[in-house]
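An overview of the molecular structure
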Amino acid sequence: MEVSVAFPTALDSHEAVALAEELGYARAWLYDTPQNSPDVWMALALAAQRTTRIGLGPGVLVPSLRHPMVNAAATAALVALAPGRVQVAFGTGFSGRRAMGYGAIRWSFMAEYIRAYRGLLRGEVVEWEGARMQMLHPAGHAPRRPIDVPVLVSALGPKGAEVARELADGLYATLQLPDFAREFPTVSYLAWGTVLDDGEDPTSERARLAGGPGTALAWHGAYEFGGQAAVAGLAGGEAWNEVVNRTPEELRHIAVHTGHCVELNEADQAAWDAGGATLLGSTTLSGTSEQVRDKLGELADAGVTEIVYQPCGPDVRRELERFLEAAGSTTTATGS
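Here is a short report on the structure shown in this document. None of these values were measured; they are calculated from a predicted model. (Residues numbered from 1 in each chain as written. Predicted model: local features only at pLDDT ≥ 70, side-chain atom pairs only at ≥ 80, totals over all residues. Heavy atoms only, no water.)

The next point concerns unusual backbone geometry. Note the cis peptide between Gly-59 and Val-60, where omega equals 10°. The residue Val-60 is located in the loop between strand E3 (55-58) and helix H3 (68-81) in this model. Looking along the chain, the bond that leaves Arg-145 and enters Pro-146 is cis, with omega of 5°. As for its placement among the helices and strands, Pro-146 is situated in the loop between strand E6 (131-133) and strand E7 (151-153). (Helix = DSSP H or I, 4+ residues; strand = E, 2+ residues; numbered from the N terminus.)

The subject of this paragraph is the environment of Ala-47. By the element assignment, Ala-47 lies in helix H2 (residues 40-50). For Ala-47, a relative accessible area of 0% gives the class buried. Between the C-alpha atoms of Ala-47 and Leu-81, which are 34 residues apart in sequence, the distance is 9.6 Å. With sequence-adjacent residues up to four places away left out, Ala-47 is seen in contact with His-14, Val-17 and Leu-56. (Buried < 20%, exposed > 50% of the residue type's maximum accessible area, 1.4 Å probe, protein only. Contact = heavy atoms within 4.5 Å.)

Turning our attention to the environment of Gly-57. Locating Gly-57 in the fold gives a position in strand E3. Residue classification places Gly-57 among the buried residues on the basis of a relative accessible area of 0%.

Okay, the side chain of Ser-13 next. Here Ser-13 is to be found in helix H1 (residues 13-23). When residues no more than four places from it in sequence are discounted, the contact partners of Ser-13 are Pro-8, Leu-30 and Ala-43.

Applying the stated criterion across every chain yields a total of 9 aromatic pairs. Aromatic side chains Tyr-223 and Trp-240 sit 5.6 Å apart centroid to centroid with 55° between the ring planes, which places their arrangement in the tilted category. One end of the pair, Tyr-223, is in helix H6 (residues 205-232); the other, Trp-240, is in helix H7 (residues 237-244), with 17 residues separating them in the sequence. One exposure class covers both Tyr-223 and Trp-240, and it is buried. Its guanidinium or amino end placed over the ring of Phe-180, Arg-165 lies 5.9 Å from that ring's centre, counting from NZ or CZ. (Phe/Tyr/Trp six-rings, centres within 6.5 Å; stacked < 30°, edge-to-face > 60°. Lys NZ or Arg CZ within 6 Å of the ring centre and 35° of its normal.)

As a further point, take the pairing of strand E1 (residues 2-7). Here E1 lies mainly inside the structure; 5 of its 6 residues are buried. Of the pairings in the sheet, the one linking E1 to strand E10 (residues 306-310) comprises 4 bridges and is parallel in character. Paired with Glu-2 across the two strands is Glu-306, which belongs to E10. Two strands pair when backbone bridges link them, and E1 and strand E2 (residues 27-30) are joined in this way by 3 bridges, in the parallel orientation. What sits directly across from Val-5, in E2, is Ala-28. The parallel pair E1 and E2, bridged by H1, forms a crossover whose chirality is right-handed. (Pairing = 2+ DSSP bridges. Right-handed = clockwise from strand over helix to strand, strands pointing away.)

So, on to a negative patch on the surface. Where like charges cluster on the molecular surface, the negative patch consists of Glu-290, Asp-294, Glu-298 and Asp-301. With respect to the element layout, Glu-298 can be found in helix H11 (residues 289-301). Glu-298 gets classed as exposed once you look at its relative accessible area, which sits at 55%. (Patch = residues over 30% accessible without salt bridge, like charges linked within 9 Å, V, L, I, M, F, W, Y side chains within 5 Å. Areas by Shrake-Rupley, 256 points an atom, 1.4 Å probe, with all protein chains shown as cover. Salt bridge = Lys/Arg side-chain N within 4 Å of Asp/Glu carboxyl O. Lys, Arg positive; Asp, Glu negative; His and termini not counted. Charge placed at Lys NZ, Arg CZ, Asp CG, Glu CD.)

Turning our attention to the side chain of Ser-4. When you line up the elements, Ser-4 lands in strand E1. Within polar-contact distance, the side chain of Ser-4 engages the backbone nitrogen of Arg-27 at 3.2 Å. Leaving out residues up to four positions away in the same chain, Ser-4 has contacts with Tyr-25, Ala-26, Arg-27, Glu-306, Ile-307, Val-308 and Tyr-309. (Polar contact = N/O pair within 3.5 Å; in protein donor to acceptor, adjacent residues only side chain to side chain.)

Contact geometry of H1 with H2 gives a least axis separation of 8 Å together with a crossing angle of 40°. Considered as vectors, H1 and H2 are oriented oblique to each other. The crossing of H1 and H2 is right-handed. Contact with H1, carried on its side by Ser-13, His-14, Glu-15, Val-17, Ala-18 and Glu-21, involves Ala-43, Leu-46, Ala-47 and Arg-50 of H2 and no other residues of that element. Across the contact of H1 with H2, the residue classes break down as 5 nonpolar, 2 polar and 3 charged. (Axes fitted to C-alpha atoms, helices over the stretch in contact; angles between N-to-C directions. Parallel < 35°, antiparallel > 145°, perpendicular 65-115°, else oblique. Left-handed = near helix turned anticlockwise from the far one by under 90°. Nonpolar A, V, L, I, M, F, W, Y, C, P; charged D, E, K, R; others polar.)

This is the structure we're talking about:
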């Protein structure tokens, strides 16, 4: 199992990616979340210029945010800047859409989009929205077609599985590992957490800053997929609901996704203080070095071929170094 890293796209993401390369991580994925982040392709281009070995890619692109020609052209540009290092993942928009008040895209739309996107990269004439189009980039504007990059799809249910089987080179999973994961030769699993120091209290301030944002995904995910009743069933959930309900329903998605994957928002902090901190160990890759290593071993046994670790908190170097140390022989950090 390779050990890679993910970062919420930020103005200094290229610096974080350069650090990950220095430490030996295999690949760096950046999020496509324009409501929280600067443009993912701009950040990846900067990262490509700062690095020479580490794999790069958006994880995950949300199709409705850009025309397929835009993503194809951006992919081509990144391939030119980082040849042999690019992978691309697509998802239906857990935060990339829901944080703006939309639901997830339809899987039929996802399939049509990926077909058009891959066709464009092959140099074909494709049809999109009733028009026929082709990448017309001359020399010096993009690499020659065909441009071949591995494509992963984030899927949990049967419809997503069908699209992934037909159109993807692998699976990109988060929140949970689907039953069909073993069908795919490549399974990337996005996870959060922090390696605790010997004797460290898991409710310490350092653990809150480093492990809290990943823990908060338990409340965010429960809310989006099961509503407030599902949140109430989690530790700290009633306190979380109480804070979120102060916001009018039509704006509630903004309250939920503020700070997503970066820091605890007001509702997350209330839940953490009301006992939600106990979810740290069960919902994230957190614990002692030995406990984290055991969790990674279980993921490898379940078919995960790439663990994608997102560090949080003020000391990214500490989080990245300790995670690699904890991974030990379970994972390998190698170039793509």
